[in-house]
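Tertiary structure, described
What follows is the residue order along each chain.
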Amino acid sequence: MPASQFWILIAILAGCVSVGAAIWLYAWVHRQDAGSEQAQEIASWIREGATTYLRRLYLALTMVAVGLGIIIAIVFSFDIEHLGTEAVEVNPLRGGELATAFVIGAICSAAAGYMGMTVAVAANVRSATAANESINRAFKVAFYAGAVMGLAMVGLAVIGMSTIYLITGDPEIVLGFSFGASSLALLAKAGGGIYTKTADIAADLVGKVEIGIPEDDPRNPAVVADNVGDNVGDVAGMGADIFDSYVASTVAVMLLGASIFAGDATQQAKYVMFPLILCALGIVASLIGIQFVRVGENGKPGQALNRGTIFTCVIFAGLTTAVVILGGYNLGVLWATLAGLITGVVIGLTSDYFTSSDNRPVVETARVSDSGAAINIITGFSYGLISIVPSIIGIVLATLISYYLAQRFGMSGIYGVGISAVGMLSVSGMIVSADAYGPIVDNARGIAEMAGMSQKVIDTADVLDAAGNTAKAITKGFAISAAALTVLALFAAYAEVVGTRGVELSISLRNPVVIAGVLLGAITPPLFSALTMLSVTSNAFKMVEEIRRQFHERPGILAGTEKPNYAACVDLAAQGALASLVLPAFLAVVFPLLVGFFLGPEALGGFLGGSIFTGVIFALLMSNAGGLWDNAKKFIESGMYGGSGSDAHKASVVGDTVGDPFKDTAGPSINTLITVMSLVSSLFAPIIAAFHLF
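These lines cover the structure that appears in this document, whether it is placed above or below.

As for the overall build of the chain
- When helices and strands are tallied, the chain shows 21 helices and zero strands.
- What you see for the chain is a C-alpha radius of gyration of 24 Å, in line with the 26 Å of a compact globule of 694 residues.
- Counting only C-alpha atoms and orienting by the principal axes, one finds that the chain spans roughly 80 × 50 × 40 Å.
- Out of the 694 residues in the chain, the part that is buried amounts to 62%.
- Accessible surface computed for the chain: about 23,100 Å², of which carbon and sulfur atoms make up 66%.
- For the chain, the centre of its 34 positive side-chain charges and the centre of its 49 negative side-chain charges are spaced 5 Å apart.

Okay, here's the thing in structure tokens:
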């Protein structure tokens, strides 16, 4: 059996083991105590709202996927090697393969998100109930539920990519799989982010600021929609987001391997498979690393999550070193992989520093909140800007080190950059497990308060929730940084594909067409951010009016003698989120194609470069600043600087409200945006090279 085929089978086996472990953990979570009837009833409201929204979302996305699949099948049925010449032939098989891969990618992304969301809405009430026993038990339930998402995601991704490559032997078909995953991820993350922040902002502004009732108070009509949003945005949406980056980075390197080693079939097979091997090793490392995530009675959940990440990275590094040396791979790919892995850890720790309540940025933002919301916002925004610096330096170092170390050992430098992105994302099983833990404990805290559980349970849930916010910030740092390196690799893949059409790309800033492309690309992430956040504010305004209406027309709600109409707010959030996806989808898929067909391949290259520069900066700023504002509010709520109800607390609630769409809507969606635009460009590059105006 050829070595490449052996490794494909190993990768598929690793993916199956990962999915199997996710199913076992899923069953384990469901066996835990679901608590009192009241707690289960509240949990059922959240479950029904989340399930209903995802059904509506996936129905809409199914129509989008089918439409795009038909277009891909038709367009790529033509022999793209001879487009624009009389020798062009029709090849329906290739178009069908690409369309099928596209649909399978969308299905796998949706399945991972749906599975994670399903276990999350089962785990929230069980984690709250377990908090009555101990913090360790509650943490274990929530983290194992998060691990279902992490392991299902990487398992389905590796099975999908490996199976398609095993059947077709063509990395460009696997590119169709990646495009399908990315298209769904963008819409799922943007839609989920709009949903969750619509409800969160409306609930906070009316409940906390206007009425003065606690967070997650069952008298607030938006409280169920808020908890539903945690699941559809932070679990299903973020899972699809990481799935997208994970697959895109792998496919980019597969394409580069196929192009760079086109003259040597043995080396080509070896290095096309290498990113899939790293994914398989990452699954093994994540499965082992998850076992190290433990928190004692007096321990800190955040430290337990970080410990699990570090152990996973160390195990992965050891496995990769062994495979590279024993498998006879060029040592350049080992150093590039380790450079990406280390950079991911450093960027994650940077996010931890700027968003953890144990460090100066959060404490200082909380301290100055006594001076009002304006000072809180300025301070948090400033620290968010500062947080960009170490992350960008990390990305720069990873790019330079991976490029030049790969070249030093006789390997292509750009292949090294791509491998560093795969190295950073190969431990996604562990990273996503920690990320999905966050919204689960957030929901657990809400259920504890709504069900009237003891103060001990609420306090325990608050400790778990603060660690969850930091874990989410770390995950977003990973995702954004990996997206930057992934897009660089996809940019190189785009140049290689265009080169096969005889077009030598010259991305020179002395070329006015390139400048036009750069500027158009640079405005796209800010415009995308504005559109998604305006959707949040528009929808939140409608929900604020609905909450006020219920309080005004039904005074028994605040008196505690009648229940609010939770379903009205859930429906408002769902309708608003789905209606807001049209323009973001246009920007991601249609805009780069318009630039390419009108201004040409070089302008499109500049467009991709411009979108990378502003996209990474905006994404880092928004994710870190948003997490900082959130934890500054929680720090004050823990009793510091006047505690809940104080002027400092009211100011911090406003800051957190500003930060909500930053960290959960626009910020984490930008890295998916730039990935989707790069994939669209790479997929349609041969057609753009043959047909363009300039």
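Continuing now.
A short note on the nonpolar core
- Counting 217 residues, the largest nonpolar core has F139, F143, Y195, F243, Y246, Y415 and Y437 as the members making the most contacts within it.
- With 20 residues, the single largest contributor to this core is helix α4 (residues 135-168).
- Formed by nine residues, the second largest nonpolar core is a distinct cluster that contains Y383, L628, F635 and A648.

Details of the pattern of salt bridges
- A complete count under the given rule lists 13 salt bridges for this structure.
- The salt bridge partner of K563 is E41, with a shortest N-O separation of 3.4 Å. Separated by 522 residues along the polypeptide, K563 in the loop between α16 (556-559) and α17 (566-579) and E41 in helix α2 (residues 37-75) bring together distant segments of the chain.
- Given the relative accessible area of 35%, E41 is considered partly exposed.
- Notably, a salt bridge pairs D660 with K663, separated by 3.8 Å at the nearest N-O pair. Taken together, the residues D660 and K663, both in helix α20 (residues 647-683) and three residues apart, mark about one turn of the helix. Taken as a pair, D660 and K663 share a single burial class, namely buried.

Section: the environment of L54
- Along the chain, L54 turns up in helix α2.
- For L54 and G113, which are 59 residues apart along the polypeptide, the C-alpha to C-alpha distance reads 9.5 Å.

Things to note about unusual backbone geometry
- The phi torsion at Y641 lies on the positive side, around 55°, for a residue other than glycine.
- Mapped onto the fold, Y641 is located in the loop between α19 (601-637) and α20.

Focus: helix α9 (residues 331-355)
- Between its first and last C-alpha, α9 extends 36 Å over 25 residues, near the 36 Å set by a 1.5 Å rise per residue.
- Where burial is concerned, most of α9 is hidden: 18 out of the 25 residues are buried.
- At the N-terminal end of α9, a side-chain oxygen is found 2.6 Å from the backbone nitrogen of G332, two or three residues along, and the residue is N330.

Quick look at the packing of helix α18 (residues 582-599) against α19
- Where α18 meets α19, the closest approach of the two axes is 6 Å, and the angle between their N-to-C directions is 145°. Within the contact between the two elements, α18 uses F591, P592, V595, G596 and L599 and α19 uses P601, A603, L604 and F607.

Remarks on the packing of aromatic side chains
- In this structure the tally under the stated criterion is 17 aromatic pairs.
- Here W629 and F662 contribute two aromatic rings whose centre-to-centre distance is 5.8 Å and whose plane-to-plane angle is 70°, an arrangement assigned as edge-to-face. Of the two residues, W629 is situated in helix α19 and F662 in helix α20; the sequence distance between them amounts to 33 residues.
- Residue F662 is classed as buried on the basis of its relative accessible area, which comes to 13%.

As for α4
- Between its first and last C-alpha atoms α4 spans 49 Å; for 34 residues at 1.5 Å apiece the expected length is 50 Å, and the two agree.
- Among the 34 residues of α4, 25 are classified as buried, and the element is accordingly described as predominantly covered.
- Just past α4, the residue G169 takes up positive phi, approximately 65°.

Here we look at a nonpolar patch on the surface
- Together, L583, F586, V590, L594, F598, L693 and F694 make up a nonpolar patch on the protein surface, roughly 690 Å² of accessible area in all.
- Tracing the chain through its elements places L693 in the segment after α21 (685-690).
- When its relative accessible area of 62% is taken as the criterion, L693 is described as exposed.

Some thoughts on the side chain of T379
- Counting through the fold element by element, T379 comes out in helix α11 (residues 373-408).
- Apart from residues lying up to four places away in sequence, T379 is in contact with E364, T365 and V368.

Some words on the side chain of S391
- Position of S391 relative to the elements: it lies in helix α11.
- Leave out the neighbours within four places in its chain, and S391 touches I347, T350 and L620.

Points about the state of the cysteines
- If you walk through the whole model with that rule in mind, you get zero disulfides.
- Free of any disulfide, C313 has its nearest neighbouring cysteine sulfur in C279, separated by 14 Å.
- Owing to a relative accessible area of 6%, C313 belongs among the buried residues under this scheme.

Let's talk about the environment of I173
- Along the chain, I173 turns up in helix α5 (residues 171-211).
- Judged by relative accessible area, which is 1%, I173 ranks as buried.

A word on the packing of α2 against α17
- In contact at an axis separation of 11 Å, α2 and α17 are set at 25° when each is read in the N-to-C sense. On the basis of the axis angle, α2 is roughly parallel to α17. Every pair of crossing elements has a handedness; the one defined by α2 and α17 is right-handed. Contact residues: W45, G49, Y53, R56 and L57 in α2; Y566, V570, D571, A574, Q575, A577 and L578 in α17.
- Across the contact of α2 with α17, the residue classes break down as eight nonpolar, two polar and two charged.

Some thoughts on the environment of S249
- By the secondary structure assignment, S249 is in helix α6 (residues 223-260).
- For S249, a relative accessible area of 1% corresponds to the buried category.
- Considering only alpha carbons, one finds S249 and L490, 241 residues apart in sequence, at a separation of 7.8 Å.
- Leave out the neighbours within four places in its chain, and S249 touches A421, V422, L425 and T486.
- Among the polar contacts listed, one links the side chain of S249 to the backbone oxygen of Y246, at a separation of 3.0 Å.

So, how was this worked out
Residues numbered from 1 in each chain as written. Predicted model: local features only at pLDDT ≥ 70, side-chain atom pairs only at ≥ 80, totals over all residues. Heavy atoms only, no water. Helix = DSSP H or I, 4+ residues; strand = E, 2+ residues; numbered from the N terminus. Rg over C-alpha atoms; globule rule 2.2 N^0.38 Å. Buried < 20%, exposed > 50% of the residue type's maximum accessible area, 1.4 Å probe, protein only. Areas by Shrake-Rupley, 256 points an atom, 1.4 Å probe, with all protein chains shown as cover. Lys, Arg positive; Asp, Glu negative; His and termini not counted. Charge placed at Lys NZ, Arg CZ, Asp CG, Glu CD. Core = buried A, V, L, I, M, F, W, Y, C linked by side-chain atoms within 4.5 Å. Salt bridge = Lys/Arg side-chain N within 4 Å of Asp/Glu carboxyl O. Expected span 1.5 Å × (residues − 1). Polar contact = N/O pair within 3.5 Å; in protein donor to acceptor, adjacent residues only side chain to side chain. Axes fitted to C-alpha atoms, helices over the stretch in contact; angles between N-to-C directions. Contact = heavy atoms within 4.5 Å. Phe/Tyr/Trp six-rings, centres within 6.5 Å; stacked < 30°, edge-to-face > 60°. Patch = residues over 30% accessible without salt bridge, like charges linked within 9 Å, V, L, I, M, F, W, Y side chains within 5 Å. Disulfide = S-S within 2.5 Å. Parallel < 35°, antiparallel > 145°, perpendicular 65-115°, else oblique. Left-handed = near helix turned anticlockwise from the far one by under 90°. Nonpolar A, V, L, I, M, F, W, Y, C, P; charged D, E, K, R; others polar.

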